[in-house]
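A structural walkthrough
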Amino acid sequence: MKIFKPKSEKLREYIEFYYFFEEKEINKKTSYLIFPLPYTVLSIVKGASLEYSKNNINIRSCLKETISFDLTTSYTKPIRVNCFGSFKEVTIVFKPLGFQSFLKNHNDSSLESFIRDGSLRLDKLFDVNSNSFIDNIEEYLLSKLNRFDYPLLEGFVRDVYKGVDKTVLEYSIENKVSPKTFIKYSKLYLKRTPAEFKKVVRFHNALKEFKKKEKINFNLTNLSLIANFFDQSHMIKDFRSLSGYTPREFFKKVSKEKREINWMYD
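Report follows, based on the coordinates. Quick caveat: nothing in here was measured; it's all calculated off a predicted structure. (Residues numbered from 1 in each chain as written. Predicted model: local features only at pLDDT ≥ 70, side-chain atom pairs only at ≥ 80, totals over all residues. Heavy atoms only, no water.)

Details of helix H7 (residues 179–189)
Along H7, the residues that are buried comprise Phe-182, Ser-186 and Tyr-189. In an axial view of H7, the angular spread of the buried residues amounts to 90 degrees, which keeps them on one side of the axis. Facing away from the buried surface of H7 by more than 90 degrees, the exposed residues are Lys-180 and Lys-184. In the stretch just after H7, Lys-191 is the one whose phi turns positive, near 65 degrees. (Buried < 20%, exposed > 50% of the residue type's maximum accessible area, 1.4 Å probe, protein only. Helix = DSSP H or I, 4+ residues; strand = E, 2+ residues; numbered from the N terminus. Arc of directions from axis to C-beta.)

Section: the pattern of salt bridges
As enumerated under the stated definition, the model contains ten salt bridges in all. Lys-7 is paired through a salt bridge with Asp-135; the nearest N and O atoms lie 3.0 Å apart. Residue Lys-7 is located in the loop between strand E1 (2–4) and helix H1 (9–12), and its partner Asp-135 is located in helix H4 (residues 130–144); the two are separated by 128 residues in the primary sequence. Asp-135 sits in the partly exposed class, given a relative accessible area of 41%. Salt-bridge contacts for Arg-60 lead to Glu-51; the nearest nitrogen and oxygen are separated by 2.8 Å. Judged by relative accessible area, Arg-60 falls into the partly exposed class, the value being 31%. For Glu-51, a relative accessible area of 32% gives the class partly exposed. (Salt bridge = Lys/Arg side-chain N within 4 Å of Asp/Glu carboxyl O.)

Points about the packing of helix H5 (residues 151–162) against H7
Two numbers describe how H5 lies on H7: the axes approach to 11 Å, and their chain directions differ by 80 degrees. In terms of their interaxial angle, H5 and H7 are classed as roughly perpendicular. Side by side, H5 and H7 meet where Leu-152, Leu-153 and Phe-156 of the first sit next to Phe-182, Tyr-185, Ser-186 and Tyr-189 of the second. Looking at the contact of H5 with H7 residue by residue, the classes come out as six nonpolar, one polar and no charged. (Axes fitted to C-alpha atoms, helices over the stretch in contact; angles between N-to-C directions. Parallel < 35°, antiparallel > 145°, perpendicular 65-115°, else oblique. Contact = heavy atoms within 4.5 Å. Nonpolar A, V, L, I, M, F, W, Y, C, P; charged D, E, K, R; others polar.)

Focus on the environment of Tyr-52
Looking at where Tyr-52 falls in the secondary structure, it is placed in strand E5 (residues 48–53). Tyr-52 sits 29 residues away from Val-81 along the chain, and the two C-alpha atoms are 9.6 Å apart. Setting aside its immediate chain neighbours within four residues, Tyr-52 contacts Ile-57, Phe-69 and Asp-70. For Tyr-52, the side chain forms a polar contact with the side chain of Asp-70, separated by 2.7 Å. (Polar contact = N/O pair within 3.5 Å; in protein donor to acceptor, adjacent residues only side chain to side chain.)

Focus: the side chain of Glu-89
Looking at the element boundaries, Glu-89 is found in strand E9 (residues 88–94). Here Ser-43 takes part through its side chain, which lies 3.4 Å from a polar atom of the side chain of Glu-89. Ignoring anything within four residues of it in the chain, the contact list for Glu-89 reads Tyr-19, Phe-20, Phe-21, Ser-43, Ile-44, Val-45, Ile-59 and Phe-126.

What about unusual backbone geometry?
We note that Asn-55 has phi near 60 degrees; this positive angle belongs to a residue other than glycine. Assignment of secondary structure puts Asn-55 in the loop between E5 and strand E6 (56–61). Residue Asn-55 is classed as partly exposed on the basis of its relative accessible area, which comes to 36%.

Describing empty space enclosed by the protein
Counted by the stated rule, this structure contains two cavities of 30 Å³ or more. If you add up the space inside the largest cavity, you get close to 300 Å³. Broken down by secondary-structure element, the contributors of at least two residues to the lining of the largest cavity are strand E2 (15–21), strand E3 (30–34), strand E4 (40–46), E6, strand E7 (67–72), E9 and strand E11 (260–265). For the lining of the largest cavity, a count of residues per class yields 16 nonpolar, three polar and two charged. Approximately 70 Å³ is the volume found for the second largest cavity. Taken together, 13 residues line the second largest cavity, and the ones lying closest to its centre are Pro-38, Tyr-39, Thr-40, Pro-96 and Leu-190. (1 Å grid on protein atoms, 1.4 Å probe; cavity = no way out; pocket = protein on both sides within 12 Å on 5 of 7 lines; lining within 4 Å. Points joined across faces, edges and corners; volume = space filled by probe spheres on them.)

Now the structure itself:
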């Protein structure tokens, strides 16, 4: 796997990173867990089919020309990905609210809408090395860019990342909308309720802070405060809910790839 940050300054506003699986022959099943994060993740796979079951995705090698898509948004439990055989995959990881900026209709944030509203040359995308892939996908994304402006949610997202803890009622009063409307648009554009979004951002903040430490013997109390949890017990509860592990268990097991912590290999 290779991970890349966007080259384009414009795209950095909307995209966290890309990753690229180059085709290799896999003689046995490879399995890993991906964890809830506040991103929208679009994966395009060549030479494999996708099969779904509860909290599982199976990627099975098939005809080389087969193209499959997956759009992952609002999962709240770890998803196990099982890989069988040989295939190629490119994945775009969009920041919160970033995916909407590549749609003609901002209210239709479906996979079908993204694919329909453009002319992605899939053959061109895959039949190159990873460096050329970045140039190709960025050319395509820039051609689709249709900035999404929604100050209510943009302010909410900024506050959550900064650790500003306001209630739904406070945001509703400030923006002159009802709490019901605020929650409705949070579900529509962030794919989560405000409370669920805060929960996955705190989890994500903890991963980022651990990444800076680069060691296992960290102070859980300090980490919980830096990552905007109420206390250590709150962090342990959320980690168990979102990853299935306590923080200490999680960080002992987690795989770190290019300083991004997003998955855990068996």
